[in-house]
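Spelled out from the first residue to the last, the chains are:
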Amino acid sequence: LGYDSLYFRFAREKPVYFSSGVSPYHIGRAAGDFRDHALTAIERDALQTIKIRAAKRTFELKHSSVGWVSSDKALTDEEIDSIISGLLKLKISDFPAADEAAGDTGLDNPFFSAELSGNVKTARFSIGKTRPGKEKPVVRYARIEGREALVLVSSPDVEALVKLYN
């Protein structure tokens, strides 16, 4: 065996496998560790339009030659920057178990939804109810358009975003 080559066996299985080009560090990792944890792949410089819906209120930010303009109310440059930064910093915290039913997530009537449009890409995601239980940190169910799996995002991060424009 050379460097980055190893034999391994899955628990409760008889076959032994040979792997090369894999560090032992990767063998003990869960599948979620290798997934993309960003809610959107659009870069800040490419953003053209942002539509947000929360608390039965919708507003839009559009980028123009003079900067960002809000459709709802006059926002300062700092408030707009905070909203954009907050949206782009939202990350997937975890992935719920496969047996968690979509009807119990609140995604049919989302707590928060956003659409970010860039030069070429558009990303949409919806955030529903908080996950039941007393786990810390508190998380909410989310769905990213174009991805089949439900995801979990930090509830305090989402609620901070909603407070920014209310």
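Residues numbered from 1 in each chain as written. Predicted model: local features only at pLDDT ≥ 70, side-chain atom pairs only at ≥ 80, totals over all residues. Heavy atoms only, no water.

Caption draft 1: Broad picture of the side chain of Ser 155. Turning to its location among the elements, Ser 155 is positioned in helix α3 (residues 155–165). Residue Ser 155 is classed as buried on the basis of its relative accessible area of 2%. Side-chain polar atoms of Ser 155 contact the side chain of Arg 140, separated by 3.1 Å. (Helix = DSSP H or I, 4+ residues; strand = E, 2+ residues; numbered from the N terminus. Buried < 20%, exposed > 50% of the residue type's maximum accessible area, 1.4 Å probe, protein only. Polar contact = N/O pair within 3.5 Å; in protein donor to acceptor, adjacent residues only side chain to side chain.)

Caption draft 2: View of the nonpolar core. Grouped together as the largest cluster of nonpolar side chains are 30 residues, with contacts concentrated most on Leu 39, Ile 50, Leu 61, Leu 87, Phe 112, Phe 125 and Ile 127. Elements supplying a minimum of two residues to this core: β3 (47–54), β4 (57–64), α2 (77–89), β7 (112–118), β8 (122–130), β9 (139–144), β10 (151–154) and α3. Setting aside its immediate chain neighbours within four residues, Ile 127 contacts Leu 90, Leu 107, Pro 110, Phe 111, Phe 112, Arg 140, Tyr 141, Ala 142, Val 153 and Val 158. (Core = buried A, V, L, I, M, F, W, Y, C linked by side-chain atoms within 4.5 Å. Contact = heavy atoms within 4.5 Å.)

Caption draft 3: Expanded view of the pairing of β8. Direction of pairing for β7 relative to β8: antiparallel, over a ladder of six bridges. Across the sheet, the residue bridging to Phe 112 is Ile 127, located in β8. Two successive antiparallel strands, β7 and β8, enclose a turn made up of three residues. Pairing geometry for β8 and β9, over four bridges, is antiparallel. Considered in β9, the bridge of Ser 126 is made with Arg 143. (Pairing = 2+ DSSP bridges.)

Caption draft 4: Inspection of the sheet that holds β7 at higher detail. Read across the sheet, eight strands follow the order β5-β4-β3-β7-β8-β9-β10-β6 without closing on themselves; strand pairing throughout is antiparallel. Where the open sheet ends on each side, the last strands, each with one partner, are β5 (67–70) and β6 (92–94). Neighbouring strand axes in the sheet, compared pairwise and without regard to direction, differ in orientation by 30° on average. The pairing of β4 with β5 spans four bridges and is antiparallel. Each bridged residue has a counterpart across the sheet, and for His 63 the counterpart in β5 is Trp 68. (Axes fitted to C-alpha atoms, helices over the stretch in contact; angles between N-to-C directions.)

Caption draft 5: Fine view of the packing of aromatic side chains. Across all of its chains, the model carries zero aromatic pairs by this definition. Seen from the ring of Phe 111, Arg 140 lies directly overhead, with NZ or CZ sitting 3.9 Å from the centre. (Phe/Tyr/Trp six-rings, centres within 6.5 Å; stacked < 30°, edge-to-face > 60°. Lys NZ or Arg CZ within 6 Å of the ring centre and 35° of its normal.)

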